[in-house]
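Listed here are the chains, written in short residue letters.
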Amino acid sequence: MGMAVVEARHLAHDHQFHVLAIDDSIIDRKLIERLLKTSSYHVTAVDSGSKALEFLGLNHNNYSIESAAQDDISLIITDYCMPGMSGYDLLRRIKESESFKDTPVVIMSSQNVPSRINTCLQQGAQDLFLKPLQLSHVTNLKSHLFRSSTSNTRTHHQNNNHVH
């Protein structure tokens, strides 16, 4: 009976997109969490780029170690301006990794700086939202998630069709 409960929870969890949210401001982090959870996303929130890399298993190099997060994260949303590692630096590390290079990354910024926006988009960010995050932004995330999931499904099918 215990196994059936675990299996049922796992199945319910599979239907929920998992978002990794990174922001050094606890107020912004709580707002992001609340908006995403209200829209039925599973959210993991951390307060720095280095903690995000650790969660993803990318903290020492670009090859991820075995991590529960590896196949679980559907989207990453990060603040641009954080102490230690900026959102741009985090974006670069994610896009250079084998495990997460196809995971959509959205940058949030409190400043509307066109050169920053262009640089992030050129580096592979899916979008850039101006803070504070709003429900309309969360609605826009769905298009990135569905685009990503169909792309990942195609890649998964292609990989399964290859003889190893």
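Residues numbered from 1 in each chain as written. Predicted model: local features only at pLDDT ≥ 70, side-chain atom pairs only at ≥ 80, totals over all residues. Heavy atoms only, no water.

As recorded in an unreviewed UniProt entry, the protein chain goes by Response regulatory domain-containing protein and comes from Linum trigynum.

1. Details of the pairing of strand β4 (residues 105-109)
Most of β4 is tucked away, with 5 of its 5 residues classed as buried. In terms of strand pairing, strand β3 (residues 75-79) meets β4 through 4 bridges, oriented parallel. Directly across from I76, in β4, lies its bridge partner V105. With 4 bridges connecting them, β4 and strand β5 (residues 127-130) associate as parallel partners. Within β5, the position partnered with V106 by the bridge is D127. (Buried < 20%, exposed > 50% of the residue type's maximum accessible area, 1.4 Å probe, protein only. Helix = DSSP H or I, 4+ residues; strand = E, 2+ residues; numbered from the N terminus. Pairing = 2+ DSSP bridges.)

2. Considerations on the environment of Q111
Structurally, Q111 can be placed in the loop between β4 and α5 (114-123). A C-alpha to C-alpha distance of 9.3 Å links Q111 and Y80, two positions 31 residues apart in sequence. Leaving out residues up to four positions away in the same chain, Q111 has contacts with R116 and L130. (Contact = heavy atoms within 4.5 Å.)

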